[in-house]
Amino acid sequence: MAEASVTLTVNGREVSATVDPRTLLVHFLREQLQLTGTHVGCDTSQCGACTVHLDGRAVKSCALLAVQLEGADVTTIEGVGGPDEMHPMQTAFKENHGLQCGFCTPGMVMKGIDIANRHAAPDEATIRRELEGNLCRCTGYHNIVESIAAGAREMSG
Amino acid sequence: MKPPRFRYLRAESVDGALRALADNPDSRPLAGGQSLIAMMNLRLVRPACLVDINRVAGLGYIREDGDGVAIGALTRHNDVKHSDLVRARCPLLTEAYESIAHHTVRNRGTLGGNLCHADPSSETPAVMVAVGATLVLQSVGGRREVAAEDFFQGPYETAARQDELLVEIRLPGRGAEGWAFAEVSNRHGDFAIAVIATTLRLADGRCEAARVVASAVGEHAARLRPAEDALTGGAIDDAAIERAAEAAAGAVDPHSDSHADAVYRRDAVAALTRRTLRRAAERCG
Ligand SMILES: Cc1cc2nc3c(=O)[nH]c(=O)nc-3n(C[C@H](O)[C@H](O)[C@H](O)COP(=O)(O)OP(=O)(O)OC[C@H]3O[C@@H](n4cnc5c(N)ncnc54)[C@H](O)[C@@H]3O)c2cc1C
Ligand code: FES
Ligand code: FES
């Protein structure tokens, strides 16, 4: 199959690569760029583990092709903060015990930031409604909702 | 690699997309990918060629169209959901969007892709039929307009040919029409177990025209004519609503699956018909 070249911005850095057109964005991130923070749960746009920001909007990176993203701006969990300098949303998940196994967490944090970007002080109902596309099999969601509320407070303050 | 192999073509204009579709009889348009890429990842479909329409200029818009609204096929779900113009002129669609998918999916999925996918449980086809929408299809051969009622033909089957692109969705002005949408689903935002979308027009207290449209309980969204007949000509009182609910339940032949059995779905149709007709009657005028 003819390979295609694509140039896009990932976490503020321009990257150019050659891809098979059937490479999903999530596999491009994980396997070609070694950005393994973005996880794959279902690869059918259901679970939200692969959530990234595309041009500032949360999207599921398993339902996008890397080849589609010429000129696009993608932010992954690695782009928002790391162990040395955590994003307030990451800190909020740590402090509020918003994770257990951690599999869903990168997607939850990316969605949490997306929620906080649009709602200054989201209430519980808003957070739960907005989290419908992110599944967690460990926590029962309670602490995730608390974490996002705390992270949003921190981000707006 | 998850999806099977395909050739990838990126269209920059409507004409370019139409030519690519015509030149490649094994191709399909790729819009938001929320249904198509997922199905390719599961290898349920294997199009040999994808024509990506995401960069096509002039396919994403919401604008006035007489006293109605015209929506470009590539308009993202969330943009339609939050449009003040849509809320003012086709509030039935805004109300239905409360039940459609999740925020992240709606950021990418498009109204046009949703309609062309024609999932038998989808909400939007029922809305389109209830308001009498017109779908504008275009190919290299020209344009044609199809009434929503004739567009949905079976599960995942529409009147659009392989070489045609849905370019515009036209929603007529509502006048004094009453309207209501309701569904039953297992979890909020999931595909529905039963959907009813209703529109009502009254003149001097009598029902002049009614549409009662069901989804998720048949092969495609469809009008329940016996229910409509039970309403037209008379007053919309409790007795008429009860007759219509019974007629609606009798007019569907739902399937059983792991989400709900046929008996439950039929009951849901009656309940939703009652609920939507009451609300639609209150909203007339
Ligand atoms: C978790 C989840 C929950 C969902 N919940 C719901 C729900 O509750 N209700 C609901 O209705 N939907 C739901 N969906 C589906 C969603 O609405 C999709 O966005 C929609 O079905 C497809 O739109 P798309 O733009 O992503 O199209 P794509 O996936 O890109 O395409 C779908 C099909 O339409 C064709 N197509 C696309 N655009 C055109 C065009 N302009 N002209 C001709 N053909 C075209 C494609 O070739 C393909 O066959 C859900 C999806 C997910 C992942
Ligand atoms: S892996 Fe993308 S939504 Fe589950
Ligand atoms: S913490 Fe384990 S899946 Fe969410």
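Here we summarise the structure given alongside this text. Note that the structure is predicted; figures quoted are calculated from it, not measured.

**Some points on the overall build of chain A**
Scanning chain A for helices and strands turns up 6 helices and 5 strands. For chain A, the α and β elements follow one another from N to C terminus as β-β-α-β-β-β-α-α-α-α-α. Whereas a compact globule of 157 residues would reach a radius of gyration of roughly 15 Å, chain A reaches 15 Å, a difference of no more than 12%. Expressed as lengths along the three principal axes of its C-alpha atoms, the size of chain A is roughly 50 × 30 × 25 Å. For chain A, the proportion of its 157 residues judged to be buried stands at 55%. The long-range fraction of contacts in chain A, counting pairs at least 24 apart against all pairs at least 6 apart in sequence, stands at 55%. As presented, chain A carries roughly 6900 Å² of accessible surface, and 45% of it is formed by carbon and sulfur atoms.

**A word on the site of ligand 1**
If you check the shell around ligand 1, you find 33 residues, and the closest are Pro29, Leu36, Thr110, Ser122 and Glu123 of chain B. Those residues lying near ligand 1 are distributed over chains A and B. For ligand 1, an oxygen atom lies 3.1 Å from a polar atom in the backbone of alanine 101 of chain B. Burial of ligand 1 by the protein chains amounts to 96% of its free accessible area of 980 Å². Contributions of two or more residues to the shell around ligand 1 are made by strand S2 (27–30), helix H7 (111–117) and strand S10 (165–171) of chain B. By residue number, the principal contributor to the shell around ligand 1 is H7 of chain B, which donates 4 residues. In terms of residue class, the shell around ligand 1 is made up of 13 nonpolar, 16 polar and 4 charged.

**Some remarks on the interface of chain B and chain A**
With 34 residues of chain B at the contact, the number on the chain A side is 31 residues. Between chain B and chain A, a total of about 2800 Å² is buried, with carbon and sulfur atoms accounting for 53% of that surface. For aspartate 20 of chain A, the salt bridge goes to arginine 5 of chain B, with nearest N and O atoms at 3.9 Å. Where chain B touches chain A, the interface holds 17 residue pairs in polar contact (both at pLDDT 80 or more).

Definitions and cut-offs
- Residues numbered from 1 in each chain as written.
- Chains lettered and ligands numbered in written order.
- Predicted model: local features only at pLDDT ≥ 70, side-chain atom pairs only at ≥ 80, totals over all residues.
- Heavy atoms only, no water.
- Helix = DSSP H or I, 4+ residues; strand = E, 2+ residues; numbered from the N terminus.
- Rg over C-alpha atoms; globule rule 2.2 N^0.38 Å.
- Buried < 20%, exposed > 50% of the residue type's maximum accessible area, 1.4 Å probe, protein only.
- Contact = heavy atoms within 4.5 Å.
- Areas by Shrake-Rupley, 256 points an atom, 1.4 Å probe, with all protein chains shown as cover.
- Near = heavy atom within 4 Å.
- Polar contact = N/O pair within 3.5 Å; in protein donor to acceptor, adjacent residues only side chain to side chain.
- Nonpolar A, V, L, I, M, F, W, Y, C, P; charged D, E, K, R; others polar.
- Buried area = accessible area lost by both parts, 1.4 Å probe.
- Salt bridge = Lys/Arg side-chain N within 4 Å of Asp/Glu carboxyl O.

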